[in-house]
Amino acid sequence: MLKGRFRHWGLGLRAKLLLFSSFLLAIPYLGYQFVWELETYLRIGQEQTLVGTARAVATALHERPALFDNQSAFLADVRPGRDLYAHKIDYPIQLDGRLTDWQDYQDLSIEYGVENLIDQSQVYRSDSLSFRHMVGQFDDYLYAMFDVRDDTLLYRPSNALRIDRNDFVQIALVNESGEFSRYLIAPFEPGWVNAFKLNDIDSQRSSQTYSPVGLETRIQGQWRETSNGYQLELRFPLDMLGSSIAFAIADVDDEQTRKIAYIMGTANPSKSEDLGTVLVPSPEIERIVSGLKYSNARVWVVDKHMRVLARSGDIQNSGGVEATVQQAPDKKSFVSGIWEQLESKLLLPLYYQILTRPPNEFVDELAGAFSLGGKDIASALGGSPDTLWRLSPDNKAVILSAAHPIFIDGEVMGAVVVEQTTNGIRTLRNQALEKQFHFILGIMLLAIVSLLLIASRISNRIRSLRDNTEKAIDANGKIVAQVPSSNSADEIGDLTRSFHQVLGKLSQYNHYLENMASRLSHELRTPVAIVNSSLDNLMLESDEDERKVYVQRAKNGISRLSKILNSMSEATRLEEAIARSEKESFVLAEVLNGCVEGYRMTYRDHVFSLENELPDARLNGSDELFAQMLDKVLSNATDFSEAGQSINIRVFEKSNKLEVSISNRGKLLPKDMKQQLLDSMVSVRANTTESSSHLGLGLYIANMIVRFHGGSLSINNLPDHTGVIVLMTFNEPH
């Protein structure tokens, strides 16, 4: 009883291995959770540090309105295209009109079109005038570029006194003293240009007055003609303007009237109040934040319109937390030297197939930004400090930014944004995971050794089972021994007991086969004795008529024995024939027509009717086997129908399947025998004559052939209970 209970509750091999392996999963999981928590705390600390840095920089900028007076930060609204941003240029622009020096800043330029029309005297056409424009700052100069598309380019005639009856560029600005000035560039031809200073506009005079009062040589540039218009590069000192400016392009297309067709620009240059603004990065603010370039962070100062006023530091070198590098000892032991070589050449390269090293360089989408965005800045401009995590565009670096508002007279005038990457934290995380992987590797090696021992034990038991099984059967296949049973509760013990039971049953079956010859001789002894006695009587009988009787009786006995043996082996021969047969497509109608004609000649007492609704149907199989199947079914139909009755054969399609039915009027099927009739050695005939032997193999063979053709066979009584119908269903009509 205890042994049976032990077997029932014993752990199998799979359960044992799973149980032992599950403990190993806890080690890397706990280690990973610890490293993850450590990284989380480090990130929280980095967030707090950045917020503190941003607060410190913002404190240095609080309540200093002079830093923002010339930066248009007091505007209620900033409109792109009208309010300009002077991008910081890394090198001076060569004034040659080719715009090649602006290639690095092409994506910062602004396109001007119909929405930027200031005045027009005719219907605007997009191919008549449009331009691309930007301004930049280098040292104490403001640079401007214009790429103008003009279908008709008209220069000022060499003898003309007026400067407004041709294509020209107008500049309007307000200097730091608040004085409003206008300038106009109208060259005779491509080349070096300076600007004409225009008369001050009296409020009572027309705003379209262009009267030059002299040449302004501080505004310099190069005018270059192109295939679709012209390109212009300008330069003038920053001390000429305050924070208001406007550029306008005038287009004259009619050489006869020389009337201005369109004026298109950044803003209306006619009145000072209509001018746009220009923001130049503040040198004063830059001096304040320049010392922060040593703070391992990138610092931005933006106005309330998110435009950059100053920046300091490089995000590529702002890794945040610095990871400490452990110094190797001067003298190394033999074991430590081997471990270092193993770690550097094998383990670490393997670990970093999973881990990722912090990148040395990554894509910085804000490298030349003149305006910033993000919820952290929006929150800071709303008065609340905030932080933001984001990925670099190439997904290599995680960047943390913290924003803090700048207050002037109780109002938010801008924000300080401090950025760092998490490269330092990632380095610390990798170092922790490296140590954890070392530990896990040691545990896994120990586990592998343990599992190898368990596997060796299992293989030895399986090998023992194999040896016992081979010993139980001799070279002739005779069972000469038994596999010892096992009391083990695992799968191998269960398999051993199964082998023990199977070999026991096979031994009994072999014993049955060994005695089968004697049993078969006993069954055949009587008919053989009858034949033998008939022959003996034949030899002793002198009467010719009696001798003929004995001869006929002996022949009938031998013929009947032959039929019995042939019937017993017919199914086996058919299975071998099916195994050797190759399937070929054949026309079903040809086989049916030939067979039915033969049946009409053979069974003259019966009427055969063929109804074929699918004359072109084809089956994939063997026409000879199909004809043999029809022989078996029709033989049954003739045996169980009365003379003169019709045997109906029908071919039709139902539910997209081909069906063949053979029905006859006559004796019905016994109850509960419909499925058994398809088995071997099953017959419902009441008796047999000496001249015929029915072993119940007909429908069994027919069903075997139908399945070879991919179909199924069923036998039922007719719905009106007047006879029997055999139905063969094949998967698809062909």
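Summarised in this report is the structure supplied together with it. (Residues numbered from 1 in each chain as written. Predicted model: local features only at pLDDT ≥ 70, side-chain atom pairs only at ≥ 80, totals over all residues. Heavy atoms only, no water.)

## Description of the environment of Leu 495
Then step 1. Relative to the helices and strands, Leu 495 resides in helix α7 (residues 491-540).
Then step 2. Note: C-alpha distance between Leu 495 and Ser 485 (ten residues apart in sequence) is 9.5 Å. (Helix = DSSP H or I, 4+ residues; strand = E, 2+ residues; numbered from the N terminus.)

## A word on the packing of aromatic side chains
The geometry of two aromatic rings is summed up by the distance between their centres and the angle between their planes.
Then step 1. Applying the stated criterion across every chain yields a total of twelve aromatic pairs.
Then step 2. Aromatic side chains Tyr 124 and Tyr 262 sit 5.3 Å apart centroid to centroid with 80 degrees between the ring planes, which places their arrangement in the edge-to-face category. Here Tyr 124 is found in the loop between β3 (117-120) and β4 (129-138), whereas its partner Tyr 262 is found in strand β12 (residues 260-265), with 138 residues between them in sequence.
Then step 3. Classification of Tyr 124 as buried rests on a relative accessible area of 17%.
Then step 4. On the basis of relative accessible area, Tyr 262 is assigned to the buried category, the value being 0%.
Then step 5. What links up through ring pairs into an aromatic cluster is the set Tyr 112, Phe 131, Phe 146 and Phe 247.
Then step 6. One cation-aromatic arrangement involves Arg 235 over Tyr 141; the distance from NZ or CZ to the ring centre is 5.1 Å.
Then step 7. Geometry around Phe 708 places Lys 583 over its ring, the cationic atom sitting 5.2 Å from the centre. (Phe/Tyr/Trp six-rings, centres within 6.5 Å; stacked < 30°, edge-to-face > 60°. Buried < 20%, exposed > 50% of the residue type's maximum accessible area, 1.4 Å probe, protein only. Lys NZ or Arg CZ within 6 Å of the ring centre and 35° of its normal.)

## Regarding the sheet that holds strand β15 (residues 308-312)
Strand pairing in a sheet relies on backbone hydrogen bonds, with the paired strands running either antiparallel or parallel.
Then step 1. With antiparallel pairing, the five strands of this open sheet are ordered in space as β15-β14-β18-β17-β16. Of all the strands in the sheet, the pair left with one neighbour each is β15 and β16 (386-391). Averaged over all pairs of adjacent strands, the angle between their axes in this sheet comes to 20 degrees, without regard to strand direction.
Then step 2. Sheet topology note: the β16/strand β17 (residues 398-408) ladder contains six bridges and is antiparallel. Within the sheet, the bridge partner assigned to Arg 390 lies in β17 and is Ile 399. (Pairing = 2+ DSSP bridges. Axes fitted to C-alpha atoms, helices over the stretch in contact; angles between N-to-C directions.)

## Things to note about the packing of helix α10 (residues 623-639) against helix α11 (residues 698-708)
Then step 1. Relative orientation of the contacting elements α10 and α11 amounts to 145 degrees, with a least axis distance of 9 Å. Considering only the axes of α10 and α11, their crossing is left-handed. In this structure, α10 uses Leu 625, Phe 626, Gln 628, Met 629, Lys 632, Val 633 and Asn 636 to contact α11, whose residues at the interface are Gly 698, Leu 699, Ile 701, Ala 702, Ile 705, Val 706 and Phe 708.
Then step 2. Broken down by class, the residue content of the contact of α10 with α11 amounts to ten nonpolar, three polar and one charged. (Left-handed = near helix turned anticlockwise from the far one by under 90°. Contact = heavy atoms within 4.5 Å. Nonpolar A, V, L, I, M, F, W, Y, C, P; charged D, E, K, R; others polar.)

## Some thoughts on the side chain of Asn 717
Then step 1. By the secondary structure assignment, Asn 717 is in strand β24 (residues 711-717).
Then step 2. On the accessibility criterion, Asn 717 (18% relative accessible area) is buried.
Then step 3. Apart from residues no more than four positions distant in its own chain, Asn 717 is found in contact with Leu 668, Leu 669, Gly 723, Val 724 and Ile 725.

## Section: helix α9 (residues 588-602)
Then step 1. Taking 1.5 Å per residue as the helical rise, α9 with its 15 residues ought to reach 21 Å, and the 21 Å between its terminal C-alpha atoms agrees with that figure.
Then step 2. Buried residues of α9: Leu 588, Ala 589, Val 591, Leu 592, Cys 595, Val 596 and Tyr 599, and no others. The arc enclosing the buried residues of α9, seen along the axis, measures out at 155 degrees, which places them on a common side. In this structure, α9 carries Glu 590 and Met 601 as exposed residues pointing more than 90 degrees from its buried face. (Expected span 1.5 Å × (residues − 1). Arc of directions from axis to C-beta.)

## Side note on the sheet that holds β24
Then step 1. Pairing in this open sheet of five strands is mixed, and the strands run β20-β22-β23-β25-β24 from one edge to the other. At either margin of the open sheet sits one strand with a lone partner, and together these are β20 (607-612) and β24. Pairs of neighbouring strands in the sheet enclose a mean axial angle of 15 degrees, with direction left out of account.
Then step 2. Here eight bridges tie strand β22 (residues 646-654) to strand β23 (residues 657-665), and the two strands are oriented antiparallel to one another. For Val 651, the partnering residue across the bridge sits in β23 and is Val 660.
Then step 3. Helix-sheet contacts for α11 involve β24 and β25 (723-730), and the interaxial angle to β24 is about 140 degrees.

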